[in-house]
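So the chains spell out like this:
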Amino acid sequence: MLLIDLTPGVDARVTGVRASGGDSLRLTEIGLRPGEKVRVVQRAGLGGRLIALGCGRIAVDAGTARRIEVEEIP
Amino acid sequence: MTTERPVLIIGNPNVGKSTLFNTLTGARQHTVNAPGTTVELVKGTWVTPHGRFEVTDLPGTYSLIARSPDECVVDDAIAGAAPGTVGIVVVDATSPSRSLYLLAQVVEEGCPAVVALTMNDLAEAHHHRVDASALSATIGVPVVEVDTRRRHGTDALAEAVLEAAAAGPALKGLALKAKGSGDGGESLDDTLTRTERLFEWVREAAAAIEAVPRTRRTLSDPIDRLLLAPWTGIPIFLAVAWALFEVATRVTAPLVHGVMAFFSGPVSSGGSWLLERVGADGGWLEGLLVDGVILGVGTVASFIPILALIFAALGVLEASGYMARVAVVADRVMSSMGLDGRAVLPLMVGFGCNVPALAATRVMPDARQRLLTGLLIPFTSCSARLTVYIVLAEMFFPDHAGTAVFLLHVLSVVLVVAVGLLLRGTVLRDVRREPLAMIMPAYQWPLPGVLTRSILTRVWDFVRGAGPIIVAALVALWLAAAVPVRGGHAIGDVPVEDSLYGAGARGIAPVLEPMGLGDWHLAASLVSGLAAKEVTVAALAQSYAVEAPTGSPPTALVERVRETVTETSGGHPAAAGFAFMVLVLVYAPCLATAAEQRRLFGWRWAGGALAMHLVLGWLLATLAFQVGRLL
């Protein structure tokens, strides 16, 4: 599933980033790498998402949230 | 060691980099532009028990694989660092992995590094404390825990810098590639392979110090629930933007008037008194001093309260962590123009005053975006222009003055959007909007000492950078008005009509004919309006040698201007009057705005901006008149 479809409060693991080369590199550089555990803390602004990565927080716009693939951790 | 050892402070945005810089250097700091760019660097001297270090605070970045001009500056500074340079890499204890990745890149570039570990108090609050000695043992570079809020650890950091300089660039567990093997000409695939190695190293280092993050609630979460959620976040953001606008206008107005009154009162009489003492009063010298130099210095000084308060407000928004949220909340609106969400704030401030608005562009981390916003700001209709519209609207549309003034503000917004699109389609085609993916720093209380120092540094930058141009231009304007070109008057005692300034206005007048405004009085008022938009009306009055209007009943000025415009417009005074208002909005940024554009973006961009305004102002005013005449 895509990050944008993840229910806030549910833990998930990043499985892939579908952005073009440079954009995908920046996402991995700031910590959104396959294998990392993430959780949507809340919906932000107009369509964006606030994501928890450990005790750090990353905000992404809706477009970016549609490019990050995740799977829920049961 | 006699020369100062160069030290670079490197770190992700919002990890306490600038706070560390301020703690180390105190008041001994100044700003410079990175070579060949408009990216500002702050440099300072750090006095340590081991000698003096010359510290440069580099722009915040997540990576040395640069994605913006500001990130390029960081990469260039590290790649081109003088031998003996040490990088202090600020590592945020709440998410060490991200900072360790940057550390690995810095060392791979061949720069010896030490780690300044910050935010450990915050990490501790989340039961996530990073052990400095364990980290140092794992990665093989000195790690010093620094508490910038309490100034702990700075001497140990200085020692570590010397230790790293002696040891050279090295990281435990990472074989370094030869310097220069990266970047230039490297394909994306090679870059990805190279970074994958670094990520692997970071993963192992993080696992070794047990810094693999567990998802936790933080104290910032409930605040974000309020400030980022659409239903509450957007109204709060609008309130903050409105408050900034108020600071640029209503709040600072009494201070600005106070400063101006001080210069036109005590300072001017003091100057006259001094000249009287040396027997040089009453002549052109007194005019030059009082109406040229002192007026100029007073004009520069009058911007100080506005700038100081705007910098204070922006500083609080940045240090508290709210500025990062602005980028998120306003993202949708500004991204359609190719701009960072944070561009909203300088543009809002612009409707109060363009000068602090330009200074406020620094809240955006990308130099090209700062430039684009800085070129759009003069199209925001500032409150000085409003005072001119009101008089002109009362003159030409006594029954619809409000509507006319409102239309000009609509035009102002339309121009910001249209010129933005025009610039992005032509000279600023490289302005890119990165997809939004931003670290949200934890909310914090701003440190008053750090805030005060940065306000003082930035206000001084304006005074030093834009001040001389403003003073010189006002002196030149005074000289033009003081030099007679006919009538045999003495210098400094010339009716406007017979001065060089009057002759210049006569020369310009024919250019204004297509908009029904071909008259030297009107041209003269526009020339004076370049100095400051609000003096347009007073200059108009002066050219007719009548009093400026003070109330609503038609004064001599209103009648004289109406007479003139009725004649120049061939019987269409309303159309020409509206064209005049359009011209006041568009024809040029005021002198202080142009001087600030020059300071921030250089002569070429400031000159180009002026040309754009003159051409666009002429075209739009002509269009307004020619269309209005047919209605």
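Residues numbered from 1 in each chain as written. Chains lettered and ligands numbered in written order. Predicted model: local features only at pLDDT ≥ 70, side-chain atom pairs only at ≥ 80, totals over all residues. Heavy atoms only, no water.

(A) Highlighting helix α1 (residues 17-25) of chain B. All names here are of chain B. Counting buried residues along α1, seven of its nine residues qualify, which places the element largely inside the surrounding structure. Of all the residues in α1, the buried ones are K17, L20, F21, N22, T23, L24 and T25. Downstream of α1 by a residue or two, G26 has a phi angle that is positive, lying close to 60 degrees. (Buried < 20%, exposed > 50% of the residue type's maximum accessible area, 1.4 Å probe, protein only. Helix = DSSP H or I, 4+ residues; strand = E, 2+ residues; numbered from the N terminus.)

(B) Broad picture of the sheet that holds strand β5 (residues 86-92) of chain B. All names here are of chain B. Sheet architecture is open: seven strands sit in the order β2-β3-β4-β1-β5-β6-β7, paired in mixed fashion. Each of the sheet's edge strands pairs with one partner strand only, and the pair in question is β2 (29-33) and β7 (143-145). On average, adjacent strands in this sheet sit at an angle of 30 degrees to one another, irrespective of strand direction. Here β2 pairs with strand β3 (residues 40-48) via five bridges, running antiparallel. Residue pairing in the sheet places T31 in a bridge with V42 of β3. Against the sheet, helix α19 (residues 448-482) contacts β2 and β3, and its axis sits at roughly 50 degrees relative to β2. (Pairing = 2+ DSSP bridges. Axes fitted to C-alpha atoms, helices over the stretch in contact; angles between N-to-C directions. Contact = heavy atoms within 4.5 Å.)

(C) Local environment of the packing of aromatic side chains. Residues and elements named next belong to chain B. Tallying each qualifying case throughout the model produces six aromatic pairs over all chains. We note R325 situated over the ring of Y443; from NZ or CZ to the ring centre the distance is 4.0 Å. Cation over ring: R506 sits above W520, and NZ or CZ is 5.0 Å from the ring centre. (Phe/Tyr/Trp six-rings, centres within 6.5 Å; stacked < 30°, edge-to-face > 60°. Lys NZ or Arg CZ within 6 Å of the ring centre and 35° of its normal.)

(D) Geometry of the sheet that holds strand β1 (residues 11-17) of chain A. Strand order in the open sheet formed by six strands is β5(A)-β1(A)-β2(A)-β3(A)-β4(A)-β8(B), and the pairing between neighbours is antiparallel. Because the sheet does not close on itself, it has two edges, and the strands there are β5 (68-72) of chain A together with β8 (437-440) of chain B. Here the average twist between neighbouring strands, direction ignored, is 40 degrees. Bridging between β1(A) and β5(A) involves five bridges; their strand directions are antiparallel. Each residue of the ladder has a partner; that of A:V17, found in β5(A), is A:I68. Across the face of the sheet, helix α12 (residues 322-329) of chain B comes into contact with β2 (37-44) and β4 (56-60) of chain A together with β8 of chain B while running at roughly 150 degrees to β8(B).

(E) Layout of the side chain of B:T154. Looking at the element boundaries, B:T154 is found in helix α6 (residues 154-167). Residues within four places of B:T154 in sequence aside, it is in contact with B:T23, B:L24 and B:W46.

(F) Spotlight on the interface of chain A and chain B. Taken together, the contact pairs 30 residues of chain A with 44 residues of chain B. Of all residues in chain A, A:R26, A:C55 and A:R57 bury the most surface against chain B, accounting for 21% of the area lost on that side. Our enumeration of links across chain A and chain B arrives at three salt bridges. Among the ionic pairs, A:D23 bridges to B:R67, the shortest N-O distance being 2.4 Å. For the interface between chain A and chain B, the tally reads 13 residue pairs in polar contact (both at pLDDT 80 or more). Elements supplying a minimum of two residues to the side of chain A that touches chain B: α1 (21-29), β2, β3 (48-53) and β4 of chain A. Considering every element that reaches the side of chain A that touches chain B, the biggest residue donor is α1(A), with eight residues. The class makeup of the residues in the side of chain A that touches chain B is 13 nonpolar, seven polar and ten charged. Where β4(A) meets β8(B), four bridges bridge the pair, whose relative direction is antiparallel. The residue of β8(B) that forms the bridge with A:I58 is B:I439. (Buried area = accessible area lost by both parts, 1.4 Å probe. Salt bridge = Lys/Arg side-chain N within 4 Å of Asp/Glu carboxyl O. Polar contact = N/O pair within 3.5 Å; in protein donor to acceptor, adjacent residues only side chain to side chain. Nonpolar A, V, L, I, M, F, W, Y, C, P; charged D, E, K, R; others polar.)

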